[in-house]
Structures are given as C-alpha cells and as structure tokens.
There are 4 protein chains.
Amino acid sequence: MGDKGGTPPALRADARRNRAQIIDAARALFLRVGVDVPMEEIAKAAGVGVGTLYRRFPDRAELIKAVSLDNFARLVELAERVEGAEPDPAQALTTLLRSALELRLGITMTALSDRAYRAIQSSPEIDELRDRVMAVAQRLLGRAQAAGTIRADIEIGDTMLALVLVSRLVPPAGDDLAEMVFQRLFALVVDGLRAIPGTPMPGRPVTYEDINELRRSGGLGGFGKFAPADPDESQRAR
Amino acid sequence: MGDKGGTPPALRADARRNRAQIIDAARALFLRVGVDVPMEEIAKAAGVGVGTLYRRFPDRAELIKAVSLDNFARLVELAERVEGAEPDPAQALTTLLRSALELRLGITMTALSDRAYRAIQSSPEIDELRDRVMAVAQRLLGRAQAAGTIRADIEIGDTMLALVLVSRLVPPAGDDLAEMVFQRLFALVVDGLRAIPGTPMPGRPVTYEDINELRRSGGLGGFGKFAPADPDESQRAR
Amino acid sequence: MGDKGGTPPALRADARRNRAQIIDAARALFLRVGVDVPMEEIAKAAGVGVGTLYRRFPDRAELIKAVSLDNFARLVELAERVEGAEPDPAQALTTLLRSALELRLGITMTALSDRAYRAIQSSPEIDELRDRVMAVAQRLLGRAQAAGTIRADIEIGDTMLALVLVSRLVPPAGDDLAEMVFQRLFALVVDGLRAIPGTPMPGRPVTYEDINELRRSGGLGGFGKFAPADPDESQRAR
Amino acid sequence: MGDKGGTPPALRADARRNRAQIIDAARALFLRVGVDVPMEEIAKAAGVGVGTLYRRFPDRAELIKAVSLDNFARLVELAERVEGAEPDPAQALTTLLRSALELRLGITMTALSDRAYRAIQSSPEIDELRDRVMAVAQRLLGRAQAAGTIRADIEIGDTMLALVLVSRLVPPAGDDLAEMVFQRLFALVVDGLRAIPGTPMPGRPVTYEDINELRRSGGLGGFGKFAPADPDESQRAR
DNA sequence: AATGAATGAGCATTCATTCAT
DNA sequence: GATGAATGAATGCTCATTCAT
C-alpha cells in the first residue's frame, strides 16, 4: 500500500471527503447548537452514518480537537495574511481581531465549554498553531504600542481575552440587529484597547503565558457556563 | 403576617428554609456547573431529596425562574443603594456594574443558555425587577453623559451588553490570577465606555428596547452556546 | 373514655365527616379517573390533606376496601328494597340490575382492575354484604325461572357476570349518546337472559360459588385490563 | 425490492426481527398486564434493550399504534376469510365475532384505556383497517337481518359494542373455568342479538358513525377505567 | 470501509407513603 | 387530630458508544 509509514495512514479519497464533511457539519452545529449536539445529528448533517463518524473520530473529544485544529489553521492563515498586507500595526491588529470573529469559528471553543476545553487540552498540534497566531498578534501589538496607537499597559493576554469576550456576541448570519450590536461592542472594546491614557489598570499586564497558566488551572474552562471548575468536576468529564 | 394576598399560601418554617437552601444551592451550581446540572445534584447540595425540590419547583424552568427572580431582587437592592449613595454618576455606574458582577449572579443567566433564556421568558415579576434595575442604570448613564464622563454615542443597551460580556469572566472566588484578569478586563471595558472621543461607532445607540427585541427574537438566547436560533431549534426546547 | 372496646374506636364528629368526604371523593375519582388516581388528588377533592387521608386509610388498598364496602352497603339496601316492592320476579331482577348500574358504583370495582381486585380480597365484611346482595338476586332469578320468564339454563353466576360486563358501559352523567348506547346494550343483554328458547349454552350454569372460585384463582382480577394474572404478577402488587 | 416508496427505508433483517419480537411482546403484555406496562419490561420480554425499543417506537403511543395496526390487520384477514367461507350470514357473523375474540387481540385496546385510545386516535392506517373490518361485519349483519336471523332493531354499532363488552372476558389460555364462563357469556350476548322478538329497544340503532362520534367525544375512551372524560382529564394525557 | 442497529447508563419527573409541625 | 412537607423508588426517555451486517 502507498502508506509511507506516516501517522495518518493516507485516507482513501471518499474517506477524506467524509472527514471534511464531518468537520464542516460539526463546526456548524457546535456553533449553532453547542458542543453537546448529539453525535447522530452531526452525522446526519454530514450525510454519513454515526458509525462512520466514530470510525474517523473515536469520541467526541477527538472530533472537537479536529474541528479546533481546522479552525486554528484558518486563523494562522488569516493572521499571517493580515500581517503581510497591512502596514499600520494597530489597524492590522484590529482587522485581525475582527476577521477572526467573522470567520465564526467560535474562537475556538476553548472559551465555550468545559467540554471543549478539556477536549482540546494536550493537543500539541493545536498548541503549535495557536502559538503561531499568538506570535503574529504579539508582534502587531508590540508595534502598535511602540507607535503609541494602543495603550501601553496591556499585553497580548489582555488582548486575547478581550477577543474571547466579544466572540460570544458573534451573531448568526442574517440577524441585522444582532450584527449591529456585535459590531458596536467590538468597537467599544477596541476603544478600550486604544484608550490612552486609560484608567490605570489593576494588576499587571496579562501575558500569553498567563493565559496558558489560567487554562492549565481550569480558570478558563468554565467560560462556557459561568465560571470554572472545582476538582471533582472532572468526574463529569466522561 | 406580611402576607397580603396569599396565592402562595405561606410556607411552613422548615419548608421556607428548604426553599431558600435549594435556591442557594441552585444558584451556586448553575454558576459553577451550568443550568443543566442534574436536579439530583442540586437537591443533594441543598441537603434535601429530589422530591422536595420538585415539590417546590415543578420543573427545572421554575427553578431557574426562582433563582433569577432572587438574583434580580438582589440587583435591584444593589442598584438603588448605589444610586442613593454615590453622587458622581460615572462612578456610581461603574460601581454598580462591578458590584453586580461581584455578586456572582451570572447576571442573570439570560445570557447563558437557551434553556435559562427560555425558562425566564414570560415572567412578569422578573421583567418588573429587571426594569427597575435598568431604570437606575439608565438614569446614571444619562447623568454621566450629561456630565461628559461617559461617551455620548451609546445607550443603556450597549452598556448592558458590555456588562453581559464581562460577566463571563467572573472567576470563582479564590483564584487570584483569574481575579486579576477579570478586573483588568472590566477596567478595559469601562475605558471603552468612557472613551472620549472614541472611534465613531457603527450603527446607532442600542436601547433597552433593542435588547428586549433581541431577546424576543432569540438573538440573545444563544450566547450560552455560540450563537442562536434557527427555527427548528425550538423542538429541542422540551 | 367512651370507647366501648369495639374495633372502630368511635370517631369524633369532624373525623367522621372527613371520612365520609374522602370516601365520596374516592368513589367519584375511582370512577372518573381510575383506581390509580393519585392519593393527593383524592385528598384535595375531599378537602383534606393527604395526611388525613392516610390516617384514616393506611394505604390505597384500605381506601378501596372502604369505598367498596360503602358501595356494597348501598347495593344491599337497593336489593332488599326492590325485592320487597316488585312482585314480578323477572321485572324485579331487571330493575335490580339496572338500578345497580345507575348507582354508578362501578359495581364494584372488582371487575375493574387488578389493584381493586386485590385490595378487596379477604374482606369478610365485604363478602358478607356481597352475599346478601347475591342472595336476593338468586331468589329473584329462581322465581323468574320458575315462572318461565328467564331462561332456565343459567345460574346467578352467569347473570352476575353479564352485569359486570355491562357495567363497563355506564356513562358519565350527561352524555346523551353514551347513555342511549348503554341502555340499549343493557336491554340487549337482558334479552339474552330472557331468551327462551336460547341457543343451547356451552358448559353448565355458573354459580355464585364458581364466581368465587374464579375470583380466587385470579380469573376475574384482570378485567380491568384485558385478562388476568400470572404468578409473578404479584410482585407488581406492592 | 417490494418497497414501493420508502418512507420507512426497509429495515435490516435483524432489525425487522427485533421489531416483530417487540410487537409480539407488547401485544402479550398489553393484554396480560395492561397498556401501562413498563417499557423496560416489554423490552426484556422481547429480548432487547430499551434503547432498541425506543429506536423503533419513539414513545409508548407509537408502540400502541403499531400493535393496534398489527391487530387490525389480523382482524381484516379474519373477517374477509370468514365472509368468503361461510354462506349463512348469521353464522358467519357469529363466527367472526367469536374468532375475533379468540385471537386475543384485546379488540383492540381502543376500549381498554384512555391511553390506548388516545394513542390510536388519528391514525389513518388504523382507521382504514378498522373500516374494512366494519364493512364486512356490516354486510353480514345486513344479510342476517334480511334473512330474519338477527333482530332488525339493531345496527352494526350495537353489535360492535356488544363485542367490546364481551372482549373483557376473554380469559388467558388454559383456565378452563374462565374459558367456559367466557363462552357462555358470549352465547348469551349472541342470543341477545338474535332475540326475535326482543324487548323493544330504547333509542335508535347505533351506527358505526355513532361509535366514531362516541370515540371522538371521549365517550369510548374511558371504558378502560370506569367511565370517561371530563374536560380537564386531557391534562392527564401527557 | 460504511452503515445503522443495539446497548445501557444517565437524568427528569411522578407519586405512594412517612413524619415533623 | 390535621396538615402538608420530605423522601426515594419507579419509570419514561435520550444519547454516547459499540458492534453486527
């Protein structure tokens, strides 16, 4: 067989197609219904049987990972394209943030539910892609701060969390009022990022590393509900 | 005694105690685990049997309503107290927002899940309390705008949604890093509200009425997942 | 105290009133809803709390027994009155049967459900009253047969079962069509009893003793559903 | 192959087998225990898990419908066979009635419980089969009346209700006394149908349409308990 | 490899019965 | 003695996951 030993054993054409359809269906349904949407519903939306879904993704966590990976890949592509195209760093950052939201990736579910959070933990591939996106964002932020167009007392962690916040408001396509509301909130938060001089911020700038720390301690996992995690929570994880 | 009518025929002392314990347990678990926590878990946390829980609240929706009502009552109390105590309107508004969050009411779940949203719909008592809170906030906002300390191009709907956003970040007590992050994000959003001159905002100021409209059209219900509402969603409602 | 040692310790006036109200409510609801109607519903209909109901009747079986006893007492009264008043035996029997049905006692639930059946078993008081009703019926039947106005090839057991059958059709007051249908079926069955010469009947006349035998073997218990009792059924009895 | 359309997409062999087993088990248990038997018990009797049962029949009502449909199909087969084979109409009618009972279909639960009644309502397939059975019965009745072997003052509705009555007595196989009792009662009712001249019947002949009317108004639904229908009963329907 | 059937554990809810007030 | 609260077992139904076809 043409299998060159690689981890993913090179899918047959139809299998690859199925895989893609499943991911698309899952992304849409995760977004529309939630990460808890019945597997069968995802399978149906993808036009396959559950069996097929499970053959490709052994359990829900794997599916969530796959969707996330795909999402982050799109973000990487976006980030690098924006950085290359827009010379003004504040403008580039803003565009990056807005475009990231408009991709409707639920950026990228980490913030959305315990379940998604736990599923995504410990995926080096995802970590790698996220790092790449963050690197771009960090560069843009630094340049904008140097240029004096973004407030100096924040770090990329603050920025990113602001983004996660606003991501909750991304409306489904077609609702005009909700769309306007979203755009306004986005603008408002961007104004917060730009505020110079802003109100002196409490604490110290939040770094990417802080975010990872938060993630590790469960401090981010609970956004999907209200708030995170107590120890025995893990039992619920299945 | 103080019973000025009597549809709910005045609970026995122990029953009232249980009722309160259930609401407390539910509030905590809704916050920590989500509105979907198993009823049994709530009962256990309240130290009663499921039967007792169900006697008091015929179904989950009723329990959600009761918790919300209680939450809003606290908010009313807070709002009116703050308004009476702090003469500077911008300061009063900020304090109100921050304190509302620190009450950890999940302000107040409307934004959190379809289920909560649907449960709360059509509760005139809740509507009434919410209106009172909004009235205070609106007054404070207006005065602050008149005083030039809050940007003029927003309305109470914008403010409220900003609050809903940040409410997602309220951390469980005791996590210092998460607490700091939350405080910073709060400050950042407040700076957005204060930004004068801010970036010109798209659309038009979002009123309380707009929010109600959004709510009605399902445009707010879905924040708990990623995004709201397609027609057949309602089937899922039970 | 004034308790003369008798088994029923002489209830206080209000207690006696409660007892009567409960029995009335239970009779009505057993008839309208079924013997499985929630105890709480019975209590409410009787205007008492469940506690009171249970104090008077330790469990559902006792309540069923009490209702049955009351019903049979009414039947005894009826039977003896009719026998005394109507000289023509066939006419008297017919009147007895029809009146028994029109009392809407569900004559008297034995035939109605496993549960009722089991509850009533082994109640000597009920047995005694039933015996008295049967004695009257038997006398009337015998005289009518002697007079040649009821077919000779049946016995009181046949008659009684025919009655049980028709009792299923007793409609709620006020439904004219159902009432007519019931009266016709009753007439039809009476014509069957009168048929002379009828089709030769299979088997032999069914006596009261046969009925008791059937009851004992469970052969009557199942009328409430379709058919009776297999051994392990008893587990369901509670 | 024989699939001339395909809404039910042709079950796999094992699934078809399971489906049949479930229907058989349900028919038996509905008959023996009642339509309220725990679903789990049905599943166990069918040798499958509850899940399987529910996959095939989304809820109890669907299962009841399926059993009824199957039952009526058997009745149609019986009716048409009897009509074709027996030239004497009164004899044919009698045979049809007796055989229908001996099929032990609980003919066919409509008369048995509110729940069954409600489940069956609005099933055009069932209606159609029932109509076919009734058509045969009506023809036979008409011919027998023309031949003077069945009384002239009744209609098919009367006949059918008489049958429903007797159906309550169908005993479980193997109980000789109960079997004899049943046969006698059947004979007695048949004699009632044949009574010429019978006692003048009250009201007017009851047609099939009357029966449907009764059914519609709930006047038949309640036979399973004692008596039907008050308005708020419907709440109990679930 | 795809499919869809089967399984069973999980959770909501009801209600008989017991018990504190 | 009356009341209505508390309990928990029973049952309907859903859905993740496994497995036969």
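Definitions and limits used
Residues numbered from 1 in each chain as written. Chains lettered and ligands numbered in written order. Predicted model: local features only at pLDDT ≥ 70, side-chain atom pairs only at ≥ 80, totals over all residues. Heavy atoms only, no water. Least-squares fit on C-alpha atoms with pLDDT ≥ 70 in both. Contact = heavy atoms within 4.5 Å. Helix = DSSP H or I, 4+ residues; strand = E, 2+ residues; numbered from the N terminus. Near = heavy atom within 4 Å. Polar contact = N/O pair within 3.5 Å; in protein donor to acceptor, adjacent residues only side chain to side chain. Nonpolar A, V, L, I, M, F, W, Y, C, P; charged D, E, K, R; others polar. Phe/Tyr/Trp six-rings, centres within 6.5 Å; stacked < 30°, edge-to-face > 60°. Buried < 20%, exposed > 50% of the residue type's maximum accessible area, 1.4 Å probe, protein only. Buried area = accessible area lost by both parts, 1.4 Å probe. Salt bridge = Lys/Arg side-chain N within 4 Å of Asp/Glu carboxyl O. Axes fitted to C-alpha atoms, helices over the stretch in contact; angles between N-to-C directions. Left-handed = near helix turned anticlockwise from the far one by under 90°. pLDDT = per-residue confidence, 0-100. Core = buried A, V, L, I, M, F, W, Y, C linked by side-chain atoms within 4.5 Å.

1. A short note on the relation of the copies chain B and chain A
Two chain copies here: they are related by a rotation about an axis and a translation along the same axis.
Piece 1. Each copy of the sequence occupies a distinct position, and chain B is placed on chain A by a rotation of 179 degrees and an axial shift of 0.0 Å, giving an RMSD of 0.2 Å. Accordingly, the operation relating the two chain copies is best matched by a two-fold axis. Using C-alpha coordinates, one finds that chain B approaches the rotation axis most closely at B:Gly192, a distance of 1.9 Å.
Piece 2. When the interface residues of chain B are mapped onto chain A, 98% of them again lie at the interface, so the same face is used by both copies.

2. Quick notes on the environment of C:Val181
Piece 1. Inspection of the secondary structure puts C:Val181 in helix H9 (residues 176–194).
Piece 2. Discounting chain neighbours no more than four positions away, the residues touching C:Val181 are D:Leu161, D:Val206 and D:Leu214.

3. A short note on the protein's contact with DNA strand F
Piece 1. Neighbouring residues of DNA strand F: 35 residues in total, closest B:Asn18, B:Gly49, B:Thr52, B:Arg55 and D:Arg60.
Piece 2. Restricting the count to atoms of DNA strand F within 4 Å of the protein gives a sugar and phosphate share of 65%.
Piece 3. The contact in question runs from a phosphate oxygen of DNA strand F to an N or O atom on the side chain of A:Tyr54, over 3.1 Å.
Piece 4. Between DNA strand F and the protein, one listed contact pairs a phosphate oxygen with a side-chain N or O atom of B:Thr52 at 2.8 Å.
Piece 5. Going through the elements one at a time, helix H1 (13–32) and helix H3 (50–56) of chain B together with helix H1 (13–32) and helix H3 (50–56) of chain C are the ones with two or more residues in the surface near DNA strand F.
Piece 6. Here the element with the most residues in the surface near DNA strand F is H3(C); it accounts for 5 residues.
Piece 7. Taken together, the residues of the surface near DNA strand F break down into 14 nonpolar, 8 polar and 13 charged.

4. Things to note about the protein's contact with DNA strand E
Piece 1. Around DNA strand E, the structure places 35 residues, and the nearest of them are B:Arg60, D:Asn18, D:Gly49, D:Thr52 and D:Arg55.
Piece 2. Of what DNA strand E places within 4 Å of the protein, 66% of the atoms are sugar or phosphate.
Piece 3. In this structure, a phosphate oxygen belonging to DNA strand E sits 2.7 Å away from a side-chain N or O atom of A:Arg55.
Piece 4. The backbone of D:Gly51 places a nitrogen or oxygen atom 3.5 Å from a base oxygen of DNA strand E.
Piece 5. Secondary-structure elements contributing two or more residues to the surface near DNA strand E are helix H3 (50–56) of chain A, H3 of chain B together with helix H1 (13–32) and helix H3 (50–56) of chain D.
Piece 6. In terms of residue count, H3(A) provides more of the surface near DNA strand E than any other element does, 5 residues in total.
Piece 7. When its residues are assigned to classes, the surface near DNA strand E shows 14 nonpolar, 8 polar and 13 charged.

5. What to know about the packing of aromatic side chains
Residues and elements named next belong to chain C.
Piece 1. Evaluation of the coordinates by the stated rule reveals 4 aromatic pairs over all chains.
Piece 2. Between Phe-182 and Phe-186, the ring centres sit 6.4 Å apart and the planes meet at 45 degrees, which makes this aromatic pair tilted. Within this pair, Phe-182 and its partner Phe-186 are both found in helix H9, separated by 4 residues, close to a single helical turn.
Piece 3. On the basis of relative accessible area, Phe-182 is assigned to the buried category, the value being 2%.

6. What about the interface of chain B and chain A?
Piece 1. Counting residues at the interface gives 61 residues for chain B and 61 residues for chain A.
Piece 2. Interface area for chain B against chain A, summed over the two sides, is near 5300 Å², with a carbon-plus-sulfur share of 66%.
Piece 3. Connecting chain B to chain A are 4 salt bridges.
Piece 4. Of the charged contacts, one joins A:Arg184 and B:Asp158 as a salt bridge, the two residues approaching to 2.7 Å between their closest N and O atoms.

7. Quick look at the packing of helix H5 (residues 89–102) of chain D against helix H7 (residues 124–146) of chain D
All names here are of chain D.
Piece 1. Direction vectors running N to C along H5 and H7 enclose 145 degrees, while the axes themselves pass 8 Å from each other. Here the hand of the crossing between H5 and H7 comes out left-handed. Contacts from Pro-89, Ala-90, Ala-92, Leu-93 and Leu-96 of H5 reach H7 at Val-136, Ala-137, Leu-140, Leu-141, Arg-143 and Ala-144.

8. Structural notes on the confidence of the model for chain A
All names here are of chain A.
Piece 1. When the pLDDT values of chain A are averaged, the result is 84; 84% of them are 70 or greater.
Piece 2. Considering each helix and strand of chain A separately, the mean pLDDT is smallest for helix H6 (residues 114–120), with a value of 75, and largest for helix H2 (residues 39–46), with 96.
Piece 3. Within the model, the stretch residues 221–238 combines pLDDT values under 50 with 55 contacts to residues more than four positions away or in other chains.

9. What about the pattern of salt bridges?
Residue and element names in this part refer to chain B.
Piece 1. Taken as a whole and judged by the stated rule, the model has 56 salt bridges over all chains.
Piece 2. Here Arg-74 makes a salt bridge to Asp-70, at a shortest N to O gap of 2.9 Å. In this pair, Arg-74 and Asp-70 are both assigned in helix H4 (residues 60–85), 4 residues apart and thus about one turn of the helix distant.
Piece 3. Look at Asp-70 and you get partly exposed, because its relative accessible area is 26%.
Piece 4. The partner of Glu-179 in a salt bridge is Arg-104, with the nearest N and O atoms 3.8 Å apart. Placement of the pair is Glu-179 in helix H9 (residues 176–194) and Arg-104 in the loop between helix H5 (89–102) and helix H6 (114–120), with a sequence separation of 75 residues.
Piece 5. On the accessibility criterion, Glu-179 (24% relative accessible area) is partly exposed.

10. Let's talk about the nonpolar core
Piece 1. In this structure, C:Phe30, C:Ile42, C:Leu63, D:Phe30, D:Ile42 and D:Leu63 are the most contacted members of the largest nonpolar core, which totals 151 residues.
Piece 2. By size, the runner-up hydrophobic cluster in this structure holds 150 residues, among which are A:Val181, B:Ala116, B:Ile120 and B:Leu140.

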